[in-house]
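Chain residues, written in single-letter form:
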Amino acid sequence: MNKEAYAAYLKQRKSSHKTNYYLVSLKELEEIHQKYDHKPSLLLHACCAVCASFPLELLSQHFELTVFFNNSNIWPQAEYDRRLSELYRYLQEANPSIPVVVTPYNNEEYMKPLEPMKDDPEGFGRCFYCYAVRLREAFAYAEEHEFDFVTTVMSISRQKDSQKINEIGRSLSRLYPSVSYFYSDFKKGGGQLRQKELVDEHQLYRQDYCGCIYSYTATHPEG
Ligand code: SF4
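Residues numbered from 1 in each chain as written. Predicted model: local features only at pLDDT ≥ 70, side-chain atom pairs only at ≥ 80, totals over all residues.

(A) Inspection of the overall build of the chain at higher detail. Assigned secondary structure in the chain consists of nine helices and five strands. Ordered by position in the sequence, the α and β elements of the chain form the string α-α-β-α-β-α-β-α-α-β-α-β-α-α. With respect to the principal axes defined by its C-alpha atoms, the chain has extents near 50 × 40 × 35 Å. The burial tally for the chain puts 34% of its 223 residues in the buried class. Within the chain, residue pairs in contact and separated by at least 24 positions form 74% of the contacts whose partners lie at least 6 positions apart. (Helix = DSSP H or I, 4+ residues; strand = E, 2+ residues; numbered from the N terminus. Buried ≥ 20, exposed ≤ 12 C-beta atoms within 10 Å, placed from the backbone. Contact = placed C-beta atoms within 7 Å.)

(B) Region of interest: the sheet that holds strand β3 (residues 100–102). Pairing within the open sheet is parallel, and its five strands lie in the order β3-β2-β1-β4-β5. The sheet is open, and its two edges are formed by β3 and β5 (180–181), each paired on a single side. Alignment of strand β1 (residues 41–45) against strand β4 (residues 149–152), held across four bridges, turns out to be parallel. Looking at the pairing, His45 lines up with Thr152 of β4. Along the sheet, helix α6 (residues 125–144) makes contact with β1, β2 (64–69), β3 and β4, crossing β1 at roughly 155°. (Pairing = 2+ DSSP bridges. Axes fitted to C-alpha atoms, helices over the stretch in contact; angles between N-to-C directions.)

(C) Here's a closer look at the packing of helix α3 (residues 49–59) against helix α4 (residues 77–94). Interaxial distance between α3 and α4 falls to 9 Å at its minimum, and their mutual angle equals 30°. In terms of axis orientation, α3 runs roughly parallel to α4. The handedness of the crossing between α3 and α4 comes out as right-handed. Judged by residue contacts, Ala49, Ala52, Ser53 and Leu56 of α3 engage Glu86, Leu87, Tyr90 and Ala94 from α4. Split into classes, the residues belonging to the contact of α3 with α4 amount to six nonpolar, one polar and one charged. (Parallel < 35°, antiparallel > 145°, perpendicular 65-115°, else oblique. Left-handed = near helix turned anticlockwise from the far one by under 90°. Nonpolar A, V, L, I, M, F, W, Y, C, P; charged D, E, K, R; others polar.)

(D) Just the nonpolar core, in detail. Grouped together as the largest cluster of nonpolar side chains are 44 residues, with contacts concentrated most on Leu42, Leu44, Ala46, Cys51, Ala52, Val150 and Val153. Elements with a contribution of two residues or more to this core: β1, α3, β2, α4, α6, β4 and α7 (162–175). Those residues in contact with Leu42 that lie beyond four places of it in its chain are Leu59, Phe63, Leu65, Phe147, Asp148, Phe149, Val150, Thr151 and Phe182. By size, the runner-up hydrophobic cluster in this structure holds five residues, among which are Trp75, Cys210, Cys212 and Tyr214. (Core = buried A, V, L, I, M, F, W, Y, C linked by C-beta atoms within 7 Å.)

(E) Just helix α8 (residues 191–202), in detail. Helix length check: α8, at twelve residues, gives a terminal C-alpha distance of 16 Å against a target of 16 Å (1.5 Å per residue), a fit within 8%. Turning to α8, its buried residues are Gly191, Gln195 and Leu198. The buried residues of α8 all sit within an arc of 65° when viewed along its axis, so they share a single face. Among the exposed residues of α8, those oriented more than 90 degrees off its buried face are Leu193, Asp200 and Glu201. (Expected span 1.5 Å × (residues − 1). Arc of directions from axis to C-beta.)

(F) Main features of the pairing of β1. The buried count for β1 comes to four of five residues, which makes it a mostly enclosed element. Relative to β2, β1 runs parallel, the two sharing five bridges. Across the sheet, residue Leu44 finds its bridge partner in β2, namely Val67. After leaving β1, the chain enters α3 and then returns to the sheet as β2, a path that is right-handed. (Right-handed = clockwise from strand over helix to strand, strands pointing away.)

(G) Local environment of the packing of α3 against α8. Taken N-terminus to C-terminus, the directions of α3 and α8 make an angle of 115°; their axes are 9 Å apart at the nearest point. Taken as axis vectors, α3 and α8 run roughly perpendicular relative to one another. In this structure, α3 meets α8 at a crossing whose hand is right-handed. Where α3 abuts α8, its residues Val50, Ser53, Phe54 and Glu57 lie against Gly191, Arg194, Gln195, Leu198 and Val199. Grouping the constituent residues of the contact of α3 with α8 by class yields four nonpolar, three polar and two charged.

Dropping the structure here:
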């Protein structure tokens, strides 16, 4: 890990102006209601049921949703299978009409470019790359299947940098101009509180690490 780059990132993060993406999302919803006389389509990248619970509840009021599960970062496969089956269970219980697209699981291939960044602390370069890869896949699918919008549930997590996630979304929307990126900070505006209620109500499995083997090892140093 480049320690100087990490220190510079932390310093810049502390001092730089932060956009309140929750307020941005409220403005977007207002504009969407003015522009459309129907619910536009939105492809929602979801990494697990816990993170998806509140964004699904909120966004389903405004969009025709499709869930996109492309999470080859998750290790091992048993954990991937568990998170996917919890997501199916949650949808079945909360909103069974929402379709789910699952891309092929290939953790070995997915992790190759991340290996040189394996010592990065969580929430730095390796993770930025990981957010970008999965979001780019979502944009590509959304463009190919003519979705109006795309976004990810990841901004609900306190462990993830919402500024970075939304900046990545903004950059990708330039590469895929036919799809609009929906900016978000799902943790704000009561999102985290509602998430907790939904997790308790549906007894959702709450994993104790982000997903990849490096995050597993950091959380389980005993192996
Ligand atoms: S910690 Fe999470 S976001 Fe970071 S690389 Fe691993 S799976 Fe991706």
